[in-house]
Amino acid sequence: MSFAKKEYEFLKQIGIGPKNPGNYINGTWKATGSVISTINPANNQTIAEVVEASAKDYEEGMQACSEAAKVWVQVPAPKRGEIVRQIGDALRANLQEFGRLVSLEMGKILPEGIGEVQEVIDMCDFAVGLSRQLNGSIIPSERPNHMMLEMWNPLGIVGVITAFNFPCAVLEDGMHVLRWSVAIVLSGKVLQQHLWLPLAMTKIVASVLEKNNLPGSIFTAFCGGAEIGEAIAKDTRIPLVSFTGSSKVGLAVQQTVNQRFGKCLLELSGNNAIIIMDDADVELAVRSVLFAAVGTAGQRCTTCRRLLVHETVYEKVLKPLADVYKQVKIGDPLEKGTLLGPLHTRTSRENFEKGIQNIKSQGGKILTGGSVIESEGNFVHPTIVEISSKAEIVKEELFAPVLYVMKFKTFEEAVEINNSVPQGLSSSIFTQNPGVMFRWIGAQGSDCGIVNVNIPTNGAEIGGAFGGEKGTGGGREAGSDSWKQYMRRSTCLQSTTEVNYHWHKESILVSEIGPADVSFSLVDSTCKVLGIGPESLK
């Protein structure tokens, strides 16, 4: 174990030790499950250990969380927003350390790690503003002397199952939830070793809750695998489960949650395309493609995986793109100047190799890259592949820096190729033609949840709803009005006539405040109060 190394000293500043209980339950750090290791993907060396959740831990946490929900629901929304503001400030004070932790554990380069933490801070600021804007509606009623309202109330406990590639940003869901409801957060180990970041984030949240004399179980965190994830999906105490991961696993989660009539918020696989039209700014497009396809070693859900180039500018685009690919500095993500860090695990590197074999077997031509780098870490060469849009592997999400390039002749053909894959997260077009831009974002354009123009497929802003269609799951985790997914909407119809009811056997005396009291039969009086005809009561 290399926890004692000098370059890891910063971990102590954010509460990480050589061996860490992985669960925050009822305001206490505890765990009785198996012990697993956190791995540095740059050298595959064990740095520290985490104790996972057991089934017993999970049940204890859920019981405490259920009780905390009764307290949290009574806190006014602006006050809940104030708690999130304090969490954002605490993260702001530890921005550099948390950014280094993201890079160390996940493998993305340091500027990306810091940027991810900054995104959570920005989301906290966004949440504070929204906490004063949970506006309902007043709707005209068709009944006389009545009014109709829409009310938004906290949904209750929300289960958040995080992903390895954005361990900090995905916890934005937890911040989003804290504004309205109570959060259960699971950081998993399946094919992943992102364990510290959720622990460190939870320590920040816990300190804020403690400072404000609030139950720690308002934010309950588990480190666990499939057993705990399945428990969350099956648990009827959790009205909403938010899952970020692959389409395959997301479908299984959705089916399980649907069996108990729960709600699912899914952010799943992406297979994102950039289209370069014949009038595009080629220099801008090439820089954007490089950033979108190589960043985070191709392990973003918004990574550009397909590049569609108009046949008249194909060579003009491909040559400079291949040249800049060969100049990308690969290495330790914490070193200055590194542009491409390692894949997250050895399994990811093996999947890259299998993917390259499948590409070749399906007629793909490797233009640059296409091999692993022999080292202790999980490094691979960024790869450009010339391949048919109809190849089966193009329909899949290979979570690595592999870019498929293909030609097209017309805008309509490019849109057809863009929309031909099962996923529908992000897409972008490079053009200077306003007519093409508006067709692209319109009903006959991209079928994705994110539809960009003259910028890459990645780099989503917090103000816009984030998520995609089709196999991407249809969920919107944050931004815009996605807060409504974490709430329960009620339609409320209310009579505005001041009435005193005197029930007696089979008749009712209705005394309206006015000059006289009038007695009616039960049916007639009820109809008068409700402003409806007798036939409506049948």
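Our structure is the block above this text.
Description of the structure in this document.

Criteria and thresholds
- Residues numbered from 1 in each chain as written.
- Predicted model: local features only at pLDDT ≥ 70, side-chain atom pairs only at ≥ 80, totals over all residues.
- Heavy atoms only, no water.
- Helix = DSSP H or I, 4+ residues; strand = E, 2+ residues; numbered from the N terminus.
- Buried < 20%, exposed > 50% of the residue type's maximum accessible area, 1.4 Å probe, protein only.
- Contact = heavy atoms within 4.5 Å.
- Areas by Shrake-Rupley, 256 points an atom, 1.4 Å probe, with all protein chains shown as cover.
- Pairing = 2+ DSSP bridges.
- Axes fitted to C-alpha atoms, helices over the stretch in contact; angles between N-to-C directions.
- Salt bridge = Lys/Arg side-chain N within 4 Å of Asp/Glu carboxyl O.
- Phe/Tyr/Trp six-rings, centres within 6.5 Å; stacked < 30°, edge-to-face > 60°.
- Lys NZ or Arg CZ within 6 Å of the ring centre and 35° of its normal.
- Core = buried A, V, L, I, M, F, W, Y, C linked by side-chain atoms within 4.5 Å.

Considering the overall build of the chain
Helix and strand content of the chain: 15 helices and 25 strands. Split into buried and exposed, the 538 residues of the chain put 54% on the buried side. Excluding contacts between residues fewer than 6 apart, the proportion of contacts in the chain whose partners are at least 24 apart in sequence is 70%. For the chain, the accessible area works out to roughly 23,200 Å², and carbon and sulfur atoms hold 52% of it.

Digging into the sheet that holds strand β1 (residues 19-21)
Within the open sheet, the three strands sit side by side as β1-β5-β4. Their pairing is mixed. In this open sheet, the two strands that pair with only one neighbour each are β1 and β4 (35-40). When the angles between neighbouring strand axes are averaged without regard to direction, this sheet yields 30°. Sheet analysis places β1 next to strand β5 (residues 45-51), joined by three bridges and oriented parallel. Paired with lysine 19 across the strands is glutamate 49, a residue of β5.

Topic: the pattern of salt bridges
Two side chains carrying opposite charge are able to pair once their charged atoms lie near each other. This model, assessed by the stated rule, comprises 19 salt bridges. Close ionic contact of glutamate 60 with lysine 30 constitutes a salt bridge, the shortest N to O distance being 2.7 Å. Here the residue glutamate 60 occupies a position in helix α2 (residues 55-72), and lysine 30 occupies one in strand β3 (residues 28-30), the gap between them amounting to 30 residues. With a relative accessible area of 29%, glutamate 60 lands in the partly exposed category. The exposure class assigned to lysine 30 is partly exposed, which follows from its relative accessible area of 27%. The closest approach of N and O atoms between lysine 234 and glutamate 230, which form a salt bridge, is 2.8 Å. Of this pair, lysine 234 and glutamate 230 both sit in helix α8 (residues 226-234), four residues apart, which is roughly one turn of the helix.

Let's talk about the sheet that holds strand β22 (residues 487-495)
Read across the open sheet, the three strands follow the order β6-β7-β22; overall the sheet is antiparallel. Edge positions in the open sheet fall to β6 (137-139) and β22, since each of these has one partner strand only. For this sheet the average axis-to-axis angle between neighbouring strands, irrespective of direction, equals 25°. In this sheet, β22 lies alongside strand β7 (residues 146-154) in antiparallel orientation, the contact comprising nine bridges. Following the sheet pairing, glutamate 150 is matched in β22 by threonine 491.

Here's the deal with the packing of aromatic side chains
Going through the model one piece at a time under the given rule, you end up with four aromatic pairs. Each ring, one from tyrosine 24 and one from tryptophan 29, has its centre 5.2 Å from the other, and the planes form 50°; the classification is tilted. When the centroid spacing of 5.4 Å and the interplanar angle of 45° are considered together, the rings of tyrosine 58 and phenylalanine 222 count as tilted. Here tyrosine 58 is found in helix α2, whereas its partner phenylalanine 222 is found in strand β10 (residues 219-224), with 164 residues between them in sequence. The residues tyrosine 58 and phenylalanine 222 share a single accessibility class, namely buried. The side chain of arginine 100 reaches across the aromatic face of phenylalanine 10, ending 5.0 Å from its centre. Above the ring of phenylalanine 166, the side-chain terminus of lysine 108 is found at 3.5 Å from the ring centroid.

Overview of the nonpolar core
One finds Leu307, Ile387, Val402, Leu403 and Tyr404 to be the most contacted residues of the largest nonpolar core, which totals 54 residues. Take this core: its biggest share by element is seven residues, from helix α10 (residues 282-294). Among residues more than four places away in sequence, those in contact with leucine 403 are Val289, Ala293, Cys304, Arg305, Arg306, Leu307, Leu321, Tyr325, Thr383, Ile384 and Val385. Of all hydrophobic cores here, the second largest spans 41 residues; its members include Val50, Val117, Leu197 and Leu214.

So far we have only geometry, and geometry alone does not tell us how the molecule works.
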